[in-house]
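Listed here are the chains, written in short residue letters.
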Amino acid sequence: MRKILVSMLLLAAVFSVNPAWALDSSGASVVVTPLASRTTTASGQPIILPQKNVQVLVSTYDIAAGATLPVHRHPFPRYAYVQAGTLKVTNVETGNSNTYKSGDFIIEMIGQWHQATNIGDIEVKLLVIDQVEEGAKNTELRQ
């Protein structure tokens, strides 16, 4: 009896942990692959969401090989998934840089001046998600 109970508990644990079983009821395979879990930005700041009328903006960026974006900052959270290429992001206030490649997830710094350069031989493709106060823009260029 004890072996049956232990076997049933182990089987229940396997089914509850496996995302394919937990999310699908038709028998088709569903695979969930976590990409990131963070509480801070690329520069170590806590992630703080807009406090009123949150709007989610989703866009794609295609950055040519060798291109450098102008120095800019974001007043609200911005997240990016690197679909292709290699991108170097430099915080121009501290001089610290991070390099991101295909498959990486970026939680951009908030309110800090930075710029990004495609340092690879192919176009960088980003899927970008902004969380802003409704109607606000999330990129300010340095004058």
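It should be noted that the structure appears before, not after, this text.
Here the residue numbering is sequential within each chain, running from 1 through the sequence in written order. Per-residue local features are limited, in this predicted model, to residues with pLDDT of at least 70; the limit for side-chain atom pairs, both in listing and counting, is 80 or more; totals at the level of whole chains, interfaces and linings are taken over all residues. In computing side-chain values, all of the structure's heavy atoms are included and hydrogens and water are not.

## Observations regarding the packing of aromatic side chains
Each pair of aromatic rings is reported with the distance of its centres and the angle of its planes. Two rings belonging to Phe, Tyr or Trp (six-membered ring only in the last case) form a pair when the distance between their centres is within 6.5 Å. Interplanar angles under 30 degrees mark stacking, angles over 60 mark edge-to-face geometry, and anything in between is tilted. A full pass over the atoms with the stated rule returns one aromatic pair. Taking 6.3 Å as the distance between ring centres and 15° as the angle between the ring planes, the aromatic pair formed by Y79 and F105 counts as stacked. Placement of the pair is Y79 in strand β3 (residues 78-84) and F105 in strand β6 (residues 105-107), with a sequence separation of 26 residues. The class for F105 is partly exposed, based on a relative accessible area of 23%. Secondary structure elements are taken from DSSP: a helix is a run of H or I of four residues or more, a strand is a run of E of two residues or more, and numbering for both begins at the N terminus. Exposure categories follow from relative accessible area, calculated using a 1.4 Å probe and restricted to protein chains: below 20% of the type maximum is buried, above 50% is exposed, and the middle band is partly exposed.

## Quick look at the side chain of Q45
Considering the arrangement of structural elements, one finds Q45 in the loop between α2 (19-23) and β1 (54-63). The exposure class assigned to Q45 is buried, which follows from its relative accessible area of 18%. The definition of a polar contact used here is a pair of N or O atoms within 3.5 Å, where within protein one atom must be able to donate a hydrogen and the other to accept one, and adjacent residues in sequence count solely through side-chain atom pairs. There is a polar contact of 3.3 Å between the side chain of Q45 and the side chain of S43. Contact criterion: two residues are considered in contact whenever any of their non-hydrogen atoms come within 4.5 Å of each other. Beyond its immediate sequence surroundings of up to four residues, Q45 is in contact with T39, T40, M109, I110 and Q112.

## Some remarks on the environment of S97
Tracing the backbone through its elements, the reader meets S97 in strand β5 (residues 97-101). Taking C-alpha positions, S97 is 9.2 Å from H114, a pair spaced 17 residues apart along the chain. Here S97 is in contact with K88, V89 and T90, once residues within four sequence places are set aside. Among the polar contacts made by the side chain of S97, one reaches the side chain of T90 at a distance of 2.7 Å.

## Points about the environment of R73
Position of R73 among the secondary structure elements: in strand β2 (residues 72-73). For R73, a relative accessible area of 27% translates into the label partly exposed. Counting along the chain gives 36 residues from R73 to M109, while the straight-line C-alpha distance between them is 7.8 Å. The contact partners of R73, leaving out residues within four places of it in the chain, are G111, Q112, W113, H114, N138, T139 and E140. Within the structure, the side chain of R73 is placed 2.8 Å from the side chain of E140, a separation counted as a polar contact.

## Quick word on the pairing of strand β7 (residues 114-118)
Side chains H114, A116 and N118 of β7 all project onto a buried face; the interleaved residues Q115 and T117 project onto a face where none is buried. With five bridges connecting them, strand β4 (residues 86-91) and β7 associate as antiparallel partners. Along β7, the bridge assignment pairs L87 with N118. A pair of strands is considered paired only if DSSP assigns at least 2 bridges between the two.

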